[in-house]
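Structural overview
What follows is each chain in one-letter form.
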Amino acid sequence: MSRHLLSAADLDADEATAVLDTAAEMANVAGREVKKLPTLRGRTVVNLFYEDSTRTRISFEAAAKRLSADVINFSAKGSSVAKGESLKDTALTLQAMGADAVVIRHGASGAPHRLADWVDGSVINAGDGTHEHPTQALLDAYTMRARLGRLAGLKVAIVGDVLHSRVARSNVLLLHTLGAHVTLVAPPTLLPVGVGAWPADTSFDLDAVLPSSDVVMMLRVQRERMGDSFFPSVREYSRRYGLDGARMRQLPAHAIVMHPGPMIRGMEIAPEVADSPRSTITEQVTNGVSVRMAVLYLLLGGMNQ
Ligand code: ASP
Ligand code: CP
């Protein structure tokens, strides 16, 4: 495994499987009375967040602490970024404080790649613009494997605002590496230009795709990244691309429903679906801690030592 995790495409099938297997071992630690391992004692992990986050930020903090690392949380709001300090100077400041790993979320696609040129430690992409969110894809793959027993051959429908979704892009890359088959389902306005070159099929018809899906992953409509109107109305969007109870019943009996969060109940997903036994939404959050422990362990303590 290389020093950084910037893209889901950084991992080949063996490396991705090693992360998932290590995460399964880390999950056993979470079941113990004392949830800590001494592995990263004396190492420093910085969480550098320029965009809002609930799950990713908290789970990276929990993961680093469970491995006994020191954690520094940096939020752009309230920092000297507001005074005009650049990403590079912020990075060099963190470097001077001895960061062994920097976990970065940034609104600009490619920001983690730039950061990797400037710091000596490992850089982990926790979401960059509309580009990638590799640890989300890893926790999603972990959840699919845990629920359905395998990844190879699975049929996964990823539904909604693919255009603005770093979750969709990272999932397509990782699931392709691991042998699953992805269909992206969205209105034509919410599919990226060039999607034909992605290793995935596309469809505009959710009802046609559901009956043969093992997994349906719903995406939030990312209004904060939309300047224009991409669909006529919320009602129209929900009617065609929302997952309600009737649609969920078109899925095969074993199929699961995923969502990376945060979800907008009543828009892309109905409460009845979000709270159903098929939903893995809270499991995804729990698995996120184990997967991020595995990533920190493998980048800082494991394979590279
Ligand atoms: N939390 C995910 C992300 O940051 C998905 C979303 O915000 O809808 O990419
Ligand atoms: N899924 C996800 O990345 O959630 P947050 O934006 O809350 O971190």
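None of these values were measured; they are calculated from a predicted model. (Residues numbered from 1 in each chain as written. Chains lettered and ligands numbered in written order. Predicted model: local features only at pLDDT ≥ 70, side-chain atom pairs only at ≥ 80, totals over all residues. Heavy atoms only, no water.)

Some points on the pattern of salt bridges
Applicable threshold: A carboxyl oxygen of Asp or Glu within 4 Å of a side-chain nitrogen of Lys or Arg is what we treat as a salt bridge. For the purposes of this entry, the term helix denotes a DSSP run of H or I that reaches at least four residues, the term strand denotes a run of E that reaches at least two, and both are numbered from the N terminus. In this scheme, a residue with accessible area under 20% of its type's maximum is buried, one over 50% is exposed, and one in between is partly exposed, where area comes from a 1.4 Å probe on protein chains only.
Enumeration according to the criterion identifies 12 salt bridges in this entry. As a salt-bridge pair, R239 and E236 come within 3.3 Å of each other at their nearest N and O atoms. Here E236 and R239 lie together in helix α8 (residues 234-241), a separation of three residues that amounts to about one turn. With relative accessibility at 56%, the residue R239 sits in the exposed group. Of the residues examined, E236 reaches a relative accessible area of 26% and is grouped as partly exposed. A network of salt bridges, in which partner residues are shared, links E51, R166 and R225.

Some details on the sheet that holds strand β9 (residues 256-258)
For clarity, the cut-off: Being paired, for any two strands, means DSSP has found at least two bridges between them. A fitted line through C-alpha atoms represents every axis, and for helices the fit uses only the stretch in contact; the resulting angles, taken between N-to-C directions, go from 0 to 180 degrees. The criterion used for residue contact is that any of the two residues' heavy atoms lie within 4.5 Å.
Across the sheet, which stays open at both edges, the five strands sit in the order β7-β6-β5-β8-β9 with parallel pairing between neighbours. The sheet terminates laterally at β7 (201-203) and β9, the two strands that pair on one side only. The average undirected angle you get between the axes of adjacent strands in this sheet is 25 degrees. Sheet topology note: the strand β8 (residues 215-218)/β9 ladder contains three bridges and is parallel. Within the sheet, the bridge partner assigned to V216 lies in β9 and is V257. Each of β5 (155-159), β8 and β9 is contacted by helix α5 (residues 134-148), which is oriented at about 165 degrees to β9, the strand it contacts most.

Some words on the site of ligand 1
Short version of the rule: A single heavy atom is enough: if one lies within 4 Å of a molecule or strand, its residue is considered near that molecule or strand. Pairs of N or O atoms within 3.5 Å make up the polar contacts considered here, provided that, within protein, one atom can donate a hydrogen while the other can accept it, and that residues adjacent in sequence are counted only when both atoms are side-chain atoms. For every accessible area listed, the method is Shrake-Rupley and the probe measures 1.4 Å; residues are considered covered only by the protein chains on display. Each residue receives one of three labels: charged for Asp, Glu, Lys and Arg, nonpolar for Ala, Val, Leu, Ile, Met, Phe, Trp, Tyr, Cys and Pro, and polar for the others, Gly being one of them.
Near ligand 1, the surroundings consist of R105, H133, R166, V167, R220, Q222, G261 and P262. R105 is positioned such that a nitrogen or oxygen atom in its side chain is 3.3 Å from an oxygen atom of ligand 1. Within the complex, 91% of the 260 Å² of free accessible area of ligand 1 lies under protein. Looking at the shell around ligand 1, its residues break down into two nonpolar, three polar and three charged.

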